[in-house]
Amino acid sequence: MKYRKKPVTIEAIQFTEDILWWFILEDKPLPEGMWHEKSSYNTQNRKLHYYNVWCGPKNNTLESTFVCFGDWIVYEPEGTKVYTDEYFKSIYEPIVEIF
């Protein structure tokens, strides 16, 4: 027998460098489920030397996933997951809402 994955509507956000700078410079929170361990940067010229942003249980790098720029943070019924852009686009498509 063959099976098809049931359609599920999810919330997702793509992690970008702008989100990280918003967190650093504006002291705003990271998206839900994400946490910041440390980073090195120069705010004068917005040069980022390195960053450590994770998705998963706070301060538990063994059960968390490192987040790269371009990754998608996906809020699924089973929990928050991190997917690469390529993988995310292969399993999800945007919902066009008509008002």
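These numbers were taken from a predicted model, which means no experiment stands behind them. (Residues numbered from 1 in each chain as written. Predicted model: local features only at pLDDT ≥ 70, side-chain atom pairs only at ≥ 80, totals over all residues. Heavy atoms only, no water.)

A separate point is the environment of D18. Positionally, D18 belongs in helix 1 (residues 17-26). Put simply, D18 and F69 are 51 residues apart on the chain and 9.4 Å apart in space, counted from C-alpha to C-alpha. (Helix = DSSP H or I, 4+ residues; strand = E, 2+ residues; numbered from the N terminus.)

The residue N52 is located in strand 3 (residues 47-55) in this model. For N52, the residues in contact, after removing those within four places along its chain, are W35, H36, E37, K38 and F66. (Contact = heavy atoms within 4.5 Å.)

Strand order in this open sheet of three strands is 2-3-4, and the pairing throughout is antiparallel. Across the chains shown, the open sheet's two edge strands, defined by having one partner strand only, are strand 2 (34-42) and strand 4 (65-66). Along the sheet face, helix 1 touches strand 2 and strand 3 and points at about 95 degrees away from the line of strand 3. (Pairing = 2+ DSSP bridges. Axes fitted to C-alpha atoms, helices over the stretch in contact; angles between N-to-C directions.)

Across the chain, pLDDT averages 84, with 94% of residues at or above 70. Mean pLDDT across the secondary structure elements of the chain bottoms out at strand 3, with 84, and peaks at helix 2 (residues 85-91), with 92. (pLDDT = per-residue confidence, 0-100.)

All right, on to the pattern of salt bridges then. Enumeration over the complete set of coordinates arrives at three salt bridges. The closest approach of N and O atoms between E76 and K81, which form a salt bridge, is 3.2 Å. A salt bridge links K89 to D85, with the shortest nitrogen-to-oxygen separation between them at 3.2 Å. With K89 and D85 both in helix 2 and four residues apart, the pair spans about one turn of that helix. Residue class for K89 comes out exposed when judged on its relative accessible area of 53%. Several salt bridges share partner residues, and in doing so they unite E76, E78 and K81 into one network. (Salt bridge = Lys/Arg side-chain N within 4 Å of Asp/Glu carboxyl O. Buried < 20%, exposed > 50% of the residue type's maximum accessible area, 1.4 Å probe, protein only.)

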